[in-house]
Amino acid sequence: MKHEVRRILQSFFNEATEPYGATCWCPSADIYRAQTRWLVKFDLAGVRPEDLQLRTEGRRLVVSGVRRDFAILEQQQAYSMEISYNRFERAVELPLDLASAQIETDYRDGMLLVVITPTA
Amino acid sequence: MADYTKPLPVLPLKTSVLFPHQMLPLVVGRPNSIAAVEAALATEDKTVAIFSQLQDETEDPRGEDLFTVGTLAVIRKMVRNDEMIQIVVQGIERVRWQEEVTATPYLTALVNPIPTPEDWDTNEEALHREILTIASQILSHINPQAQSALQQMIGQVESPIHQVYVLSSLISLKIEDEQRLLAAATQHEALELMHEFLVHELRVLEVRKKISEQAQSELSREQRDYVLRKQLRAIQAELGEENPEQADVAELRRRVEEADLPESIRKEVDRELARMERLPSAAPDYQITRSYLELVVELPWKRTTSDQLDLLHARDILDRDHFGLEKVKARIIEHLAVMKLNASARSPILCFVGPPGVGKTSLGKSIAAALGREFVRESLGGLSDEAELRGHRRTYIGAMPGRIIQAMRRAGVRNPVIMLDEIDKLGRDFRGDPAAALLEILDPAQNNQFRDNYLNLPFDLSQVFFIATANTLDTIPRPLLDRIEVLEVTGYSDDEKFRIARQYLLPRQLLDVGLTSEQLALTDAALMKLIRGYTRESGVRSLERTIGSVCRKAATAFASGRTDTLTIDAADIEPMLGHERYRLQDLRKKIEPGVAAGLAWTPVGGEVLYVEAVLLPESKELALTGQLGDVMKESARTAQSFVRSRWAELSLEKQALQCGVHIHVPAGATPKDGPSAGVTMATALASLYSHQPVRRDVAMTGEITLSGLVLPVGGIREKVLAAHRAGMKLIILPKANEPDLDELPEGVRDELQFVFAENVEEVVAAAIPTLTPHLQP
């Protein structure tokens, strides 16, 4: 019991670094750089593609949407829950102007992959 | 996002409010709430509406038990734990209660979102900045180390209203205040509320800080003292010195060893000593215990002086210091004789009663000297607090042992002579009756176990020779009088005074002014003139003063160069002291019919009183004046009735009997009472009705009854001495008082003629010889 409480408080304080930043959860992101291109990978498992939006704001790449839970078993009941549901939003800033860049997306194995190729 | 068209599960919150953007861990235990959380978890977006309860105690709240403004929240994490669910919720936005949809198995309701207010102007800007300033002050009070981190955290929050929400979780607010903040319609309102809360919080924190600083400084001073004292002790130990407390205890212990205390007392003292050793010297009990132990050690538990049992030597000492007082001296010698035969005899408890200045107090001193005992004098005059005699209990601040124990401590032996002076002047008030305490002290059957409240140990007073003194027995309570042996020390006659002046007063006064008997001599006539013309008293105090004044006048002459002997005769007195203050004018030169001389007793000696009566032809009344007491007034009525009833035997004029009578007894300002003027009144009335004057050199005393009997009265010695002083020749006394004449000095007895009367006829016959020749013997 004590252990459980501590775990919950800990998780609370981990998020407390930015507890009021937004009213939604924030997926993790990795950014890779190749010779001419950039790859941004978002951890967005369980999000339906139609619930996903991607937009650019100058140098910022913003991904937002909703993760909806779904039932697999009949009469299932949550026993413990760590995955965040409902709205999410994540912005990453890149050292290039995105408006003129070419952007391709792919959704593979629960990851959203965004490949950016600057045109200039 | 949330679908507000459908009812949402409602999670009621006790004791706290969830703000938008806030993460809050919750433990859900109530079945209804668990059901609500389960339902929310089963949805794909995990939303739940959170409303705070109006009352903490409500177990299954309905819509009316909740505040109307709540927060829409998403369940971020959950874990099950026995019967409870622990969840972390995050506030999304404010919602207003619209209507309850279901109450079981959990509460669901339709809610409407409240849009975030957008009002913003310079006013709000100013408020916002002020809030941030105060917040930073508060943070520095709460936790200076975390201040910058927290400030950074607040800084990261962009919207002012959300900053307010963050701050509300950092300071402790009442749930009503939090709810007001949540329900604020505009940003301005929220900011103003927050400002108010922060200012209050800051004030509380400042006061708290002041209090804790004070407490800390007090604490640190005490700690400092403690450490210093410890070090002092360590240094003393190093130097091989004892600390002051141990030295005190060791000194007391040594004195206890020397004191040779009785076994039971020793046990008690050892216990107190052990207790004292454990006390720090700063404890109030330390000093109290110390002075108590000092008292116990100094008290004479076993020490005695051995009595001087040589009867002749004792007699010499008594005679050396006092003239006369035969009865008292004989009693002391008797006691010595008893002591000689039985060493363990109880000491007597005597009480000397007599007028002031007759030597009662100094007699006590002589007795102590004659017995070879210590002498302690305790004046009880005006004492009204019982605790003064018996002590205060040690629990009281400033408690002291009583006078008796203090006297024993001063005496230093357990068989002193203790003189209880002025025992008739004990007061009595709400603090108790000191006479009651004296009952125990003076009772030979009880006083071997006398228990002082302070000492609280039985102390044996049975070896103490108590002598009390009093001017009158009237004010001494009966039970007390019952325990003591009363010895009357009566006033002196002129002759006795003369001898006392010759033998004691004159030599003493000469010594005082530094003259010798060769230089100054007083003739017998001069001394008698001083006694008769300048003093009127039973004792010799003012006589001694007068002699002293003569001596000082003489001393002035010698100091101015005179060398030859100065002899003072009666004629020299008046130039030195002025006119005679008292004359023998008591004896009236001529006496009218209706006037008779009576004799009165006062605490300062006897007195000749004239009773004057006149006829009031126009009236029937009996007027009585001269500050007469009730007994005396009744005595006057009795006298009148008696005389009237015997008009025939006394050959009175029947006409006169019809008139009213006025009786006056001078001096008018002195209150008088008592029955002993009865015969005088009867004689005065007989004289008045018969118009025959009373003999001018006759004085009388005695109580009368209605049938004419003469009853005995007290104070015969003083009365007769006063009559003698006044120049009376014939004294009429009740027959029953005849034995009292033995007390009179022989000189006086021989100069006077006495008639002892059994009835009023005899009195009248002796006093008015012209009236009743047939009654003359």
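Small disclaimer: the values here were computed from a predicted structure and weren't measured.

Colleague: What am I meant to see in the overall build of chain A here?
Modeller: Of regular secondary structure, chain A possesses one helix and eight strands. Overall, chain A shows an N-to-C arrangement of helices and strands of α-β-β-β-β-β-β-β-β. For chain A, the residues scored as buried account for 34% of the 120 residues in total. In chain A, the proportion of contacts linking residues at least 24 apart, taken out of those at least 6 apart, comes to 55%.

Colleague: Would you mind showing me how to read the environment of Gln 519 of chain B here?
Modeller: Residues and elements named next belong to chain B. Considering the arrangement of structural elements, one finds Gln 519 in the loop between helix H17 (494-513) and strand S14 (520-522). Taking relative accessible area as the criterion, Gln 519 reaches 24% and is therefore assigned partly exposed. Sequence spacing of Gln 519 and Val 694 is 175 residues, and the spatial spacing of their C-alpha atoms is 50 Å. Setting aside chain neighbours within four positions, we find Gln 519 in contact with Gly 514, Phe 558, Asp 564, Thr 565 and Leu 566.

Colleague: Help me understand the nonpolar core in this model?
Modeller: Side chains that are nonpolar tend, in soluble globular proteins, to be buried together. Residues and elements named next belong to chain B. One finds Ile 423, Leu 438, Leu 442 and Leu 455 to be the most contacted residues of the largest nonpolar core, which totals 54 residues. Here this core spans two domains, since at least three of its residues come from each of domain 3 (244-298) and domain 4 (311-488). In this view, Leu 442 contacts Ile 349, Leu 420, Ile 423, Asn 447, Phe 466, Leu 480, Arg 483 and Ile 484; residues no more than four positions away in its chain are not counted. Core analysis: the second largest hydrophobic core is formed by 51 residues, Val 358, Ile 367, Leu 487 and Leu 515 among them.

Colleague: What should I look at first to understand the packing of H17 of chain B against helix H18 (residues 524-533) of chain B in this one?
Modeller: The description of two helices packed together rests on the angle between their axes and the distance between the axes. Residues and elements named next belong to chain B. Interhelical geometry of H17 versus H18 gives an angle of 120° and a closest axis separation of 10 Å. The orientation of H17 with respect to H18, classified from their angle, is oblique. Judged by the sense of rotation from one axis to the other, the crossing of H17 with H18 is right-handed. Counted together, Asp 494, Lys 497, Phe 498, Ala 501 and Arg 502 of H17 and Asp 524, Leu 527, Met 528, Ile 531 and Arg 532 of H18 form the full contact between these two elements. Grouping the amino acids of the contact of H17 with H18 by side-chain chemistry returns five nonpolar, no polar and five charged.

Colleague: It is not clear to me how empty space enclosed by the protein should be interpreted in this structure. Could you clarify?
Modeller: Using a probe with the size of a water molecule, rolled over the atoms, empty space left in the structure can be pinpointed. Residues and elements named next belong to chain B. This structure, assessed with the given rule, holds four cavities of 30 Å³ or more. The volume enclosed by the largest cavity comes to roughly 80 Å³. In terms of lining, the largest cavity is formed by Val 10, Pro 12, Arg 30, Asn 32, Ser 33, Ala 36, Glu 59, Asp 60, Pro 61, Ala 103, Tyr 106 and Leu 107. The residue inventory of the lining of the largest cavity, partitioned by class, reads seven nonpolar, two polar and three charged.

Colleague: Please explain the pairing of strand S4 (residues 60-67) of chain A as it appears in this structure.
Modeller: In regular strands, side chains alternate between the two faces of the sheet. Residue and element names in this part refer to chain A. Along S4, seven of the eight residues are buried, which leaves the element largely enclosed by surrounding structure. Bridge analysis of strand S3 (residues 52-57) against S4 gives six bridges, and the strand direction is antiparallel. By the bridge assignment for S4, Thr 56 is matched with Leu 61. Connecting S3 to the next strand, S4, in antiparallel fashion are two residues, including Gly 58 with a positive phi near 65°. Pairing between S4 and strand S6 (residues 86-93): eight bridges, direction antiparallel. Paired with Val 66 across the bridge in S6 is Arg 87.

Colleague: How should the packing of aromatic side chains be read in this particular structure?
Modeller: Think of a pair of aromatic rings as described by two things: how far the centres are apart, and how the planes are tilted against each other in angle. Scanning the model with the defined rule gives six aromatic pairs over all chains in all. On the numbers, 5.0 Å between centres and 50° between planes, the contact of Trp 25 of chain A with Phe 88 of chain A is tilted. Taken as a pair, Trp 25 of chain A in the loop between helix H1 (2-15) and strand S1 (29-33) and Phe 88 of chain A in strand S6 lie far apart in primary sequence, 63 residues in all. Judged by centre distance (4.8 Å) and plane angle (25°), the ring pair of Phe 19 of chain B and Tyr 165 of chain B falls under stacked. Within this pair, whereas Phe 19 of chain B is found in the loop between strand S1 (8-13) and strand S2 (23-28), its partner Tyr 165 of chain B is found in helix H4 (residues 160-170), the two being separated by 146 residues in sequence. Here Phe 19 of chain B matches Tyr 165 of chain B in class, with each residue buried. Sitting over the ring of Tyr 85 of chain A, Arg 67 of chain A keeps its end group 5.8 Å from the ring centre.

Colleague: Honestly, the domain arrangement of chain B in this entry has me stumped. Any pointers?
Modeller: Interface size, as often reported, equals the accessible area lost upon joining of the parts. Segmentation of chain B into domains returns domain 1 (8-113), domain 2 (122-200), domain 3 (244-298), domain 4 (311-488), domain 5 (494-577) and domain 6 (595-775). Between the C-alpha centres of domain 1 of chain B and domain 5 of chain B the distance comes to 117 Å.

Colleague: Mind showing me how you'd approach the sheet that holds S6 of chain A here?
Modeller: Backbone-to-backbone hydrogen bonds pair the strands of a sheet. The strands run either parallel or antiparallel. All names here are of chain A. The strand order S3-S4-S6 describes an open sheet built from three strands, whose pairing is antiparallel. Edge strands, defined here as strands with exactly one partner in the open sheet, are S3 and S6. Shown here is a sheet whose adjacent strand axes are inclined to one another by a mean of 15°, direction ignored.

Colleague: How should the sheet that holds strand S12 (residues 465-470) of chain B be read in this particular structure?
Modeller: All names here are of chain B. Read from one edge to the other, the open sheet built from five strands follows the order S8-S9-S12-S7-S13, with strand pairing classed as parallel. The sheet terminates laterally at strand S8 (375-379) and strand S13 (485-488), the two strands that pair on one side only. The average undirected angle you get between the axes of adjacent strands in this sheet is 20°. Sheet analysis places S8 next to strand S9 (residues 417-421), joined by five bridges and oriented parallel. Paired with Ser 379 across the bridge in S9 is Asp 421. The strands touched by helix H12 (residues 360-371) within the sheet are strand S7 (349-353), S8, S9 and S12, with S9 carrying the most contacts at an inclination of about 175°.

Colleague: What exactly am I supposed to notice about the pattern of salt bridges here?
Modeller: In a structure, side chains of opposite charge can pair up when their charged atoms sit close to one another. On inspection of all chains with the given rule, the structure shows 47 salt bridges over all chains. A salt bridge links Glu 57 of chain A to Arg 55 of chain A, with the shortest nitrogen-to-oxygen separation between them at 3.1 Å. Exposure remark for Glu 57 of chain A: the relative accessible area of 36% places this residue in the partly exposed category. Overlapping salt bridges bring together Arg 48, Asp 51 and Arg 68 of chain A together with Glu 44 of chain B as one network.

Colleague: Help me out: how do you make sense of the confidence of the model for chain A in this one?
Modeller: Caution is warranted with low-pLDDT regions, since their predicted coordinates should not be read in detail. Looking at chain A, pLDDT values average 81 and 81% of them are 70 or higher. Confidence drops under a pLDDT of 50 for residues 1-20 of chain A, and excluding neighbours within four residues, the segment shows 30 contacts in the predicted structure.

Colleague: Looking at this model, I keep getting lost on unusual backbone geometry. Mind explaining?
Modeller: As a rule of thumb, non-glycine residues mostly have phi less than zero, and peptide bonds are mostly trans rather than cis. All names here are of chain B. Put simply, Thr 104 and Pro 105 share a cis peptide bond, and its omega is -5°. Of note, Pro 105 is situated in the loop between strand S5 (84-102) and strand S6 (108-113). In the Ramachandran plot, His 21 falls in the positive-phi region, its phi being about 80° despite a non-glycine side chain. Note that His 21 resides in the loop between S1 and S2. Judged by its relative accessible area of 9%, His 21 is buried. Look at Gln 627: it is not a glycine, yet its phi comes out positive at around 55°.

Colleague: Looking at this structure, how should I read the side chain of Thr 683 of chain B?
Modeller: Take Thr 683 of chain B: it is sitting in helix H23 (residues 678-690). In contact with Thr 683 of chain B, not counting residues within four places along its chain, are Ala 596, Val 694, Met 700, Val 763, Ala 767 and Ile 768 of chain B.

Colleague: When you look at the pairing of strand S8 (residues 111-117) of chain A in this model, what are you seeing that I'm missing?
Modeller: Residue and element names in this part refer to chain A. Counting buried positions along S8 yields five of seven residues, so the element is predominantly enclosed. Pairing of strand S2 (residues 38-43) with S8 involves six bridges; the strand directions are antiparallel. Bridged to Phe 42 within S8 is Leu 112. Taken together, the seven bridges between strand S7 (residues 102-108) and S8 define a ladder with antiparallel strand orientation. Within S8, the residue paired with Ile 103 across the bridge is Ile 116.

Colleague: Explanation requested: helix H1 (residues 31-42) of chain B in the structure shown.
Modeller: Owing to its 3.6 residues per turn, the α-helix aligns residues three or four sequence positions apart on the same side. Between its first and last C-alpha, H1 of chain B extends 16 Å over twelve residues, near the 16 Å set by a 1.5 Å rise per residue. For H1 of chain B, every residue scored as buried is listed here: Ser 33, Ile 34, Ala 36, Val 37, Glu 38, Ala 39, Ala 40 and Leu 41 of chain B. Buried positions along H1 of chain B lie against strand S5 (80-81) of chain A together with S1, S2, strand S3 (47-52), strand S4 (69-81) and S5 of chain B.

Reading the values: rules and limits
Residues numbered from 1 in each chain as written. Chains lettered and ligands numbered in written order. Predicted model: local features only at pLDDT ≥ 70, side-chain atom pairs only at ≥ 80, totals over all residues. Heavy atoms only, no water. Helix = DSSP H or I, 4+ residues; strand = E, 2+ residues; numbered from the N terminus. Buried < 20%, exposed > 50% of the residue type's maximum accessible area, 1.4 Å probe, protein only. Contact = heavy atoms within 4.5 Å. Core = buried A, V, L, I, M, F, W, Y, C linked by side-chain atoms within 4.5 Å. Domains from an automatic or database assignment. Axes fitted to C-alpha atoms, helices over the stretch in contact; angles between N-to-C directions. Parallel < 35°, antiparallel > 145°, perpendicular 65-115°, else oblique. Left-handed = near helix turned anticlockwise from the far one by under 90°. Nonpolar A, V, L, I, M, F, W, Y, C, P; charged D, E, K, R; others polar. 1 Å grid on protein atoms, 1.4 Å probe; cavity = no way out; pocket = protein on both sides within 12 Å on 5 of 7 lines; lining within 4 Å. Points joined across faces, edges and corners; volume = space filled by probe spheres on them. Pairing = 2+ DSSP bridges. Phe/Tyr/Trp six-rings, centres within 6.5 Å; stacked < 30°, edge-to-face > 60°. Lys NZ or Arg CZ within 6 Å of the ring centre and 35° of its normal. Salt bridge = Lys/Arg side-chain N within 4 Å of Asp/Glu carboxyl O. pLDDT = per-residue confidence, 0-100. Expected span 1.5 Å × (residues − 1).

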